[in-house]
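Breakdown of the fold
What follows is the residue order along each chain.
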Amino acid sequence: MENLENIKNRAEKELVSAQNSEEIKKVFRKYLGKDGEITRILRSLKDIQEQKRKAVGKSANQIKQELEQKIEIKKKAISAVIEKGKSKKQMDISRPGHKISIGHIHPITKVKKEVEDIFERLGFSVVEGPEVETEWYNFDALNIPANHPARDMWDTFWLRQNESKVQNPKSKINTKSQRLLLRTHTSPVQVRYMEKHNPPLRIIVPGRTFRYEATDASHEINFYQAEGLMVDKEISAANLKAIMEKFFEMFFKQNVGIRLRPSFFPFTEPSFEVDVQCVVCKGKGCSVCSKRGWLEMAGAGMVHPQVFKSAGLNPREWQGFAFGMGLDRLAMMKYKIDDIRLLYKGDLRFLEQF
Amino acid sequence: MLFSYDWLQSFFKDKLPAPKKLAELLTLRSFEVEEVKRAGKDWALDINVTPDRGTDCLSHFGISRECSAFTKLKIKSPKSKVKENNKDNIKDFIQVEIKNNNDCPRYMGRIISGVKIGVSPKRIRERLRTCGLEPINNVVDAANYVMLELGQPLHAFDLGKISGKKIVVRRAKAGESIDALDDKKYKLDKKNLVIADSKKILAIAGIKGGKSAAIDENTKDIFIESANFEPVMVRLSSQGLKLKTDASVRFEHGADPNFAETALDSLAVLIEEVAGGKIIEGKIDIYPKKLLPKKLKLDLEKIESILGIKIGQKEVIRILNFLGLETKADLTVAVPTWRPDLAGNEDFAEETGRIYGYEKLKSVYPRLALIPAKKNDDILWEEKIKDFLKEAGFSETYGYSFISKRAGDAMEGKLVELENPFSEQFYYLRPNLLLNLYENAQYNSRNLNPEKMIKIFEIGNVFNKRKEGIMEKKMLSAIMAGENEESFYVLKGVVDSLFEKAGISDYYFDDYQATPEDGESNLWEAGERAEIKIGDREVGFLGKLNFPVFNKDRQTREVYALNIDFDALVRECNDESEYEPISKFPAAVRDVALLVPGETRVGEVLDVINAGESRHIRDVDLFDLYEGPELPEGKKNLAFHIIFQAKDRTLTGREIDSMMAKIIQQLEDNSGWEVRKTN
């Protein structure tokens, strides 16, 4: 008698080459019909030796079942091909689906998260600081003395107060009775963090900041910054350039050229503007970059020795860089938003696009 | 500040790069050039001189020195040679007294006699205009011209109008005032330093001249002043008077007293050239404490380590020399008095780096110990909770950190006030997020389809004034505005799911009790508000706001809100959970329906059900709540699914029946509760 395995293989081969239901029936009859090959084997079991009967019976039954299943699947496949040709009442797939009410996340949250993620991957910890700040942390500690024209770089909201202190549950430092203000940048967190943590350190500080200035399409009285700080024994401007380049490459998801050019911030020395080659025109000059080919994306520099001193660190032991960028500007670049005020208006027709 | 290209060129024998090219170089090496535009035959460059360079670079000479450093072109000396007329001596005409040398570290002056006031030559007028100044007359123009050229503010007085041959530099007295050259009268006090004669005030020192000794068409003899005033004094004086001038800006940044002489001589020579007259022999010079150059030691290693690039000693020294710094063989650097910003090797690193060219810096990854970033739970939970609310149909908004005066004045609590509020609309710091969210809902409901349920939320910091000081905390607030009778319970369900997601289980809703210091009790409608508590701590509120919004069709829509202390919430969040084995034994569901008085709370009934047989009750679900005419007056019908399940065996029908019987009995022990049906 032919080996069961061979019969199975033969049957499957024939089934595969079957083109229509007639041919499938033929295969069925040949193997599983009343006089089919497998049926015959099953029927003849009684004539087989007792020891062999069990084994043969089991595998014959198994093959029978498998073959039945395969025939069934093949039948369906063939009939589906036939159905396709026929016309049948079709569901109106153009009808709108049921709306699931899902809300929307604000574009700045999205960009903030992206910035945090990128820097976390580069080993930076995310840290926050208070929005109401003392004059000391916002200015003096950052080497911006009172009555110096450099202060004019930050138009400040001052709080009216009667000798009161800031109560911030997140800060254990009992600040001296100092004039209070709304922080004009996230840089105070540099000093706050270094007071409590010894280098080496790498932090990124996102947060809301404030400026007392006339509002227009690119200026708001409150906006968001992300501040970065890396301090170790031998951190250089060349390292800063590498980190900035990597960040913008990851953020814009393309290779971007960056350049550093001289600038002035009292809390960094040297100080830089970080320009990114315009991601729209690739540096050729367009309306987005005001024909310059470059976009001013961040301010940066090497931490000024005075800032280390303010935080109680020895500037001879440590070197580091800091940078700050506007999250609103990144969001506006990313989503092509042309007016910063849209971000704070809360108009659902705007927010529901994100 | 605007600069003339021709003027910059005038300091060089060799040709400077073309205007646009020069602007690009300046941007990459010194200061950002905002704009380059044609000005007749000349070009105007709008250069953003940074505040640290106000001493030397608010002048054409200063910018030319920058150009010289990066173009390697030799710059001409700005010094002029004065030919004095020795028939007379200045001492015979004027004496100067300085009351306080701290206010005025140096005071210089010269006299030119016999000038003829008229129009300036074309070259001067054009250059002034290119730099944004209007020509006045040849003497005043000359003073402005030399200021733009050298950075030292200068002033010319009509000598004939100075009484008593004497100039006094003193603080103003309360009640004094001056009629200034800008046709305004300024009231002065002891904050203002003035230039006076024996009778009257001639000028506000370092800020503005007065009319009393102004140059006019009849002026013959003039006294020219080149002085140095203390920067902070000038800044406070100028701020107090709200008067900012080309002179005050330069003095605020700290002018170089050692440069006063060069400027004085240049002005004298220029006036002689454009207005005639003779420079009288001698000059006033009161300079008791001469400012000397600082000596610093150059540390090449430090410079290269800051920049992360090898430049080499020779190149570093070449650059510093071009910038006017003298270096000695032992690497001592003499920092000239016009560079007060240079105080250490970090500063030398900047000077060297920028002139050498930052584009030559290669990107180099830092070599660091592999320290993983710390997880910030606050931020992680903030993101998770925002995502949850989004999934629950709420859209995130960012509001202003300020509220209007009108809204603030209606609040009970103590608000944080600003010394300089931005406007009536942005007047106080926000004491909560609800006010702005409400405004927002109102704004949106006017624009949107009236059917639409507005669901918005914000997480942000709010500010309240407390006895201990200003309290800043992070809040989570959400608002639902629209037509839905069940809004309260929808929001309550949002809280349930949110807390479940955040791993908080020991929370409950409690009756509202006003917290007077929040001043928020008048926001909530009585009878439709609840406190949210975790443990025994109140973390927030839930309820109906006291004020509805109007939609497009002018119909009112109730507003429900949620207000949670986010910092308190995050402290309770927990994503550690333990797997609880799924019972292998089947659960059985029984229902119970009961009639209770209308004021009975669902919570009370649930407490009773759970009290008795809680060991085997896995869950109790309210599936129906009905109040209606078919029911006895003042009653409502509640129906619950009770799910029984044991961990260790299959509960028998008899066991469940007996548990149900106990529950029913306990329910009916309450007066007015009537179990209607069970199955």
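As the structure is a prediction and not an experimental result, all values here were calculated from the model. (Residues numbered from 1 in each chain as written. Chains lettered and ligands numbered in written order. Predicted model: local features only at pLDDT ≥ 70, side-chain atom pairs only at ≥ 80, totals over all residues.)

1. Here's the deal with the overall build of chain B
In terms of helices and strands, chain B carries 19 helices and 34 strands. By the compact-globule yardstick of 26 Å for 679 residues, chain B is too spread out, its C-alpha radius of gyration being 40 Å. Of all 679 residues assigned to chain B, the portion counted as buried reaches 42%. For chain B, the proportion of contacts with a sequence separation of at least 24, taken over those separated by at least 6, is 69%. (Helix = DSSP H or I, 4+ residues; strand = E, 2+ residues; numbered from the N terminus. Rg over C-alpha atoms; globule rule 2.2 N^0.38 Å. Buried ≥ 20, exposed ≤ 12 C-beta atoms within 10 Å, placed from the backbone. Contact = placed C-beta atoms within 7 Å.)

2. A few points about the overall build of chain A
Scanning chain A from terminus to terminus reveals 11 helices and 10 strands. Compactness check: chain A gives a C-alpha radius of gyration of 36 Å against a globular reference of 20 Å for 354 residues, more than 25% above the reference. Dimensions of chain A, computed from the C-alpha atoms along their principal axes, are close to 110 × 50 × 45 Å. Each of the 354 residues in chain A was classed as buried or not, and the buried ones make up 42%. Contacts in chain A between residues at least 24 apart in sequence constitute 66% of all its contacts with a sequence separation of at least 6.

3. Quick look at the sheet that holds strand β7 (residues 258-265) of chain A
Within the open sheet, the seven strands sit side by side as β1-β5-β6-β10-β9-β8-β7 (chain A). Their pairing is mixed. A single partner strand is all that each edge strand has here, and the edge strands are β1 (125-126) and β7 of chain A. (Pairing = 2+ DSSP bridges.)

4. Observations concerning the sheet that holds strand β18 (residues 326-327) of chain B
Hydrogen bonds between backbone groups are what pair the strands of a sheet, and the pairing can be parallel or antiparallel. Residue and element names in this part refer to chain B. Strand order in the open sheet formed by three strands is β17-β19-β18, and the pairing between neighbours is antiparallel. What marks the edges here is a single partner per strand, and that holds for β17 (294-297) and β18. Pairing geometry for β17 and strand β19 (residues 332-335), over four bridges, is antiparallel. Its bridge partner being in β19, Lys295 is matched across the sheet by Ala334.

5. Comments concerning the packing of helix α5 (residues 107-121) of chain A against helix α10 (residues 327-335) of chain A
Residues and elements named next belong to chain A. Orientation of α5 relative to α10, taken along the N-to-C sense of each, is 105°, at an axis distance of 9 Å. Classed by the angle they form, the pair α5 and α10 counts as roughly perpendicular. Only Leu327, Asp328, Leu330, Ala331, Lys334 and Tyr335 of α10 make contact with α5, whose side of the interface consists of Pro107, Ile108, Val111, Lys112 and Val115. The residue inventory of the contact of α5 with α10, partitioned by class, reads eight nonpolar, no polar and three charged. (Axes fitted to C-alpha atoms, helices over the stretch in contact; angles between N-to-C directions. Parallel < 35°, antiparallel > 145°, perpendicular 65-115°, else oblique. Nonpolar A, V, L, I, M, F, W, Y, C, P; charged D, E, K, R; others polar.)

6. Quick word on the domain arrangement of chain B
The domains assigned to chain B are domain 1 (2-71), domain 2 (85-286), domain 3 (294-360), domain 4 (377-572) and domain 5 (588-678). Distance from the C-alpha centre of domain 1 of chain B to the C-alpha centre of domain 4 of chain B: 54 Å. (Domains from an automatic or database assignment.)

7. Observations regarding the confidence of the model for chain B
Caution applies to low-pLDDT parts of the model: their predicted coordinates are not meant to be read in detail. Averaged over all residues, the pLDDT of chain B is 92; the fraction at 70 or higher stands at 99%. Per the prediction output, this complex has pTM 0.84; the corresponding ipTM is 0.88. (pLDDT = per-residue confidence, 0-100.)

8. Some points on the environment of B:Trp524
Along the polypeptide, B:Trp524 turns up in strand β26 (residues 524-534). Placed 13 residues apart in sequence, B:Trp524 and B:Arg537 show a C-alpha to C-alpha distance of 20 Å.

9. A closer look at the environment of B:Phe457
Residue and element names in this part refer to chain B. Locating Phe457 in the fold gives a position in strand β23 (residues 454-466). In this structure, the C-alpha to C-alpha distance between Phe457 and Ser395, residues 62 residues apart in sequence, is 6.1 Å. Each residue touching Phe457, except ones within four places of it in the same chain, is listed here: Leu389, Phe394, Glu396, Leu476, Ser477 and Ala478.

10. Remarks on the packing of helix α11 (residues 313-322) of chain B against helix α12 (residues 345-356) of chain B
Residue and element names in this part refer to chain B. Remark: α11 packs on α12, axes separated minimally by 9 Å, with the N-to-C direction vectors making an angle of 95°. It follows that α11 is roughly perpendicular to α12 by the angle criterion. For the pair α11 and α12, contact is made by Glu315, Val316, Ile319 and Leu320 and by Phe348, Glu351, Thr352, Ile355 and Tyr356, respectively. Its residues assigned to classes, the contact of α11 with α12 comprises six nonpolar, one polar and two charged.

11. Here's the deal with the interface of chain A and chain B
Contacts between the two partners involve 71 residues from chain A and, on the opposite side, 78 residues from chain B. Contributing elements (two or more residues each) for the side of chain A that touches chain B: α5, β1, β3 (165-167), β6 (222-232), α8 (237-252), β7, β8 (268-277) and α11 (348-351) of chain A. Here the side of chain A that touches chain B is built from residues that sort into 35 nonpolar, 18 polar and 18 charged.

12. A short note on the pairing of strand β7 (residues 155-158) of chain B
All names here are of chain B. Burial along β7 is two-sided: the face carrying His155 and Phe157 and the face carrying Ala156 and Asp158 are both buried. Of the strand pairs in this sheet, β7 and strand β14 (residues 222-228) are connected by four bridges, and their pairing is antiparallel. Within β14, the residue paired with Phe157 across the bridge is Phe223.

13. Digging into unusual backbone geometry
Here the bond from A:Pro199 into A:Pro200 is cis, since omega is 0°, no more than 30 degrees from zero. Within the fold, A:Pro200 resides in the loop between α7 (188-196) and β5 (201-210). The residue after A:Glu269, namely A:Pro270, is reached through a cis peptide bond having omega -5°. In this structure, A:Pro270 sits in strand β8. Even without glycine at this site, B:Lys165 takes up a positive phi of about 50°.

14. Here's the deal with the environment of B:Ser10
Residue and element names in this part refer to chain B. Locating Ser10 in the fold gives a position in the loop between α1 (5-9) and α2 (19-29). For Ser10, a count of 16 C-beta atoms within 10 Å corresponds to the partly exposed category. Sequence-wise, Ser10 and Val333 are 323 residues apart; in three dimensions their C-alpha atoms are separated by 29 Å.

15. Quick word on the confidence of the model for chain A
When pLDDT is averaged along chain A, the result is 89; 94% of the residues meet or exceed 70. Note that residues 169-177 of chain A has pLDDT below 50 and, in this model, 12 contacts with residues that lie over four places away or in other chains.

16. What about helix α15 (residues 434-447) of chain B?
Compared with an ideal rise of 1.5 Å per residue, which puts 14 residues at 20 Å, α15(B) spans 20 Å between its outermost C-alpha atoms and is within 8% of the ideal. Of the positions making up α15(B), those classed as buried are B:Leu434, B:Leu435, B:Asn436, B:Leu437, B:Tyr438, B:Asn440, B:Ala441, B:Asn444 and B:Ser445. (Expected span 1.5 Å × (residues − 1).)

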